[in-house]
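Below, each chain spelled out in residue letters.
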Amino acid sequence: MSEKLNILLAEDEAALGQIVKESLETRDFKVDLAEDGDKALKLFREHEYEALVLDVMMPKKDGFTLAKEIRQEDDTIPIIFLTAKSQIRDVVEGFSIGGNDYLKKPFSMEELIVRIHNLVQRKNFQKNSELLTIGGYLFNFPKQTLQYEDDELVLLTHREAHLLFHLVKNKNQVLDRSLILNKLWNTDDFFAARSMDVFISKLRKKLAKDESIQIINVRGYGYKLTL
């Protein structure tokens, strides 16, 4: 039998939290449940987890604030937000502070489980990936850093690193927009597409010291990294 994945679940709705916890535990997960953001942060610092599932609206410390604090200590652990919100600014904010995915309530347990497994597998793959050269830059995918010649290291967010990795692996070819959205955001809806545009803009700025590097928007298809 495979080893159980250790998950931290932060959910202030007691009934929902218990249902999700018990459902995951029947599917070979080990789950610690926190009813507020402060308790979740305490558990995170005391235990090792493979992934975090955080409700956005919680007392004492909301999910976004909690994620920001966690990202200061661990920039690789997968984070999934649970939210009743669907406004684009909320979704984009979640991604921009280091969230890896989000699910809108109500959601199916099967979908949550698939997304947890996908994120954990992606993180494990990241650990075994190589260093990549992008023009004058050295891209350390496992450590999520970018360095131009002898300059200081630039830290990338989890999603920036994965997006850049796929652009580099497909350099001088069009990276299909829908394909990469579904792979990294698990959806190609409007919110995710807008979020991806934001991340592309951030990557362009971080690669700006080498003028030979361009990330081109191929309208209607996707993006292409050219060197």
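Keep in mind that this is a model prediction, so the values were computed, not measured. (Residues numbered from 1 in each chain as written. Predicted model: local features only at pLDDT ≥ 70, side-chain atom pairs only at ≥ 80, totals over all residues. Heavy atoms only, no water.)

> Tell me about the overall build of the chain, and name the residues and values.
When helices and strands are counted, the chain shows eight helices and twelve strands. At 18 Å, the chain has a C-alpha radius of gyration in line with the 17 Å of a compact globule built from 227 residues. Considering only C-alpha atoms, the chain reaches an extent of 55 × 40 × 35 Å along its principal axes. Put simply, the chain has 227 residues, and 50% of those count as buried. Within the chain, contacts between residues at least 6 apart in sequence are counted, and of these 56% link residues at least 24 apart. (Helix = DSSP H or I, 4+ residues; strand = E, 2+ residues; numbered from the N terminus. Rg over C-alpha atoms; globule rule 2.2 N^0.38 Å. Buried < 20%, exposed > 50% of the residue type's maximum accessible area, 1.4 Å probe, protein only. Contact = heavy atoms within 4.5 Å.)

> Before we move on, could you go through the UniProt feature "modified residue: 4-aspartylphosphate" (unreviewed entry) in the chain and cite the residues and values that matter?
Within this structure's numbering, the places UniProt gives as "modified residue: 4-aspartylphosphate" (unreviewed entry) are D55. Tracing the chain through its elements places D55 in strand 3 (residues 51-55). Residues contacting D55, with those up to four places away along its chain left out, are A10, E11, D12, G63, L82 and K105. (UniProt positions renumbered as here; feature names shortened; annotations may be inferred.)

> With reference to specific residues and values, describe the nonpolar core.
By size, the foremost hydrophobic cluster in this structure holds 54 residues, and its most contacted members are F139 and L163. The leading source of residues in this core is helix 8 (residues 190-206), at seven residues. Split by domain, this core shows at least three residues from each of two domains, domain 1 (5-126) and domain 2 (131-226). Excluding residues within four positions of it along the chain, L163 makes contact with I180, L184, W185, M196, F199, I200 and L203. One finds I7, F29, A51 and I113 within the second-largest nonpolar core, a separate group that totals 19 residues. (Core = buried A, V, L, I, M, F, W, Y, C linked by side-chain atoms within 4.5 Å. Domains from an automatic or database assignment.)

> Now, about the domain arrangement of the chain: what can you tell me, with residues and values included?
The domain architecture assigned to the chain consists of domain 1 (5-126) and domain 2 (131-226). Relative to domain 2, the C-alpha centre of domain 1 lies at a distance of 25 Å. The interface of domain 1 with domain 2 comprises 19 residues on the first partner and 19 residues on the second. Here domain 1 and domain 2 share an interface that buries about 1,800 Å² over both sides, 53% of which is from carbon and sulfur atoms. On the surface where domain 1 and domain 2 come into contact, there are zero salt bridges. At the boundary of domain 1 and domain 2, one finds five residue pairs in polar contact (both at pLDDT 80 or more). (Buried area = accessible area lost by both parts, 1.4 Å probe. Salt bridge = Lys/Arg side-chain N within 4 Å of Asp/Glu carboxyl O. Polar contact = N/O pair within 3.5 Å; in protein donor to acceptor, adjacent residues only side chain to side chain.)

> Which residues make up the packing of helix 2 (residues 37-46) against helix 3 (residues 63-73), and what are the values?
Packing of helix 2 against helix 3 brings their axes to within 10 Å, and their N-to-C directions diverge by 15°. Classified by the interaxial angle, the pair formed by helix 2 and helix 3 is roughly parallel. Helix 3 is crossed by helix 2, and the crossing has right-handed handedness. Contacts between helix 2 and helix 3 involve G37, A40, L41, F44 and R45 from the first element and L66, E69, I70 and E73 from the second. Here the contact of helix 2 with helix 3 is built from residues that sort into five nonpolar, one polar and three charged. (Axes fitted to C-alpha atoms, helices over the stretch in contact; angles between N-to-C directions. Parallel < 35°, antiparallel > 145°, perpendicular 65-115°, else oblique. Left-handed = near helix turned anticlockwise from the far one by under 90°. Nonpolar A, V, L, I, M, F, W, Y, C, P; charged D, E, K, R; others polar.)

> Outline the sheet that holds strand 6 (residues 131-134), supporting the account with residue identities and numerical values.
Ordered by their spatial adjacency, four strands build an open sheet running 6-7-8-9, and the pairing between neighbours is antiparallel. Sheet topology places strand 6 and strand 9 (154-155) at the edges, where each strand pairs with a single neighbour. Sheet analysis places strand 6 next to strand 7 (residues 137-140), joined by four bridges and oriented antiparallel. Looking at the pairing, T133 lines up with L138 of strand 7. Along the sheet face, helix 6 (residues 158-169) touches strand 6, strand 7, strand 8 (145-148) and strand 9 and points at about 65° away from the line of strand 6. (Pairing = 2+ DSSP bridges.)

> A description of the layout of surface pockets should follow, citing residues and the corresponding values.
Each pocket or cavity is described by its volume, and for the largest pocket that value is around 220 Å³. Considering the residues around the largest pocket, the lining is formed by twelve residues, among which E48, Y49, D74, I77 and K123 are closest to the centre. Tallied by class, residues from the lining of the largest pocket come to four nonpolar, two polar and six charged. (1 Å grid on protein atoms, 1.4 Å probe; cavity = no way out; pocket = protein on both sides within 12 Å on 5 of 7 lines; lining within 4 Å. Points joined across faces, edges and corners; volume = space filled by probe spheres on them.)

> Can you lay out helix 3 for me, pointing to particular residues and giving the numbers?
Spacing of three or four residues puts side chains on the same side of an α-helix, whose turn is 3.6 residues. Taken together, the buried positions of helix 3 are G63, F64, L66, A67, I70 and R71. In an axial view of helix 3, the angular spread of the buried residues amounts to 155°, which keeps them on one side of the axis. (Arc of directions from axis to C-beta.)

> Residue-level account of helix 6, with values.
For helix 6, built from twelve residues, the straight-helix expectation of 16 Å at 1.5 Å per residue is met to within 8% by its first-to-last C-alpha distance of 17 Å. Burial runs high along helix 6: eleven of the twelve residues are buried. Those residues of helix 6 that sit buried are H158, R159, E160, A161, H162, L163, L164, F165, H166, L167 and V168. (Expected span 1.5 Å × (residues − 1).)

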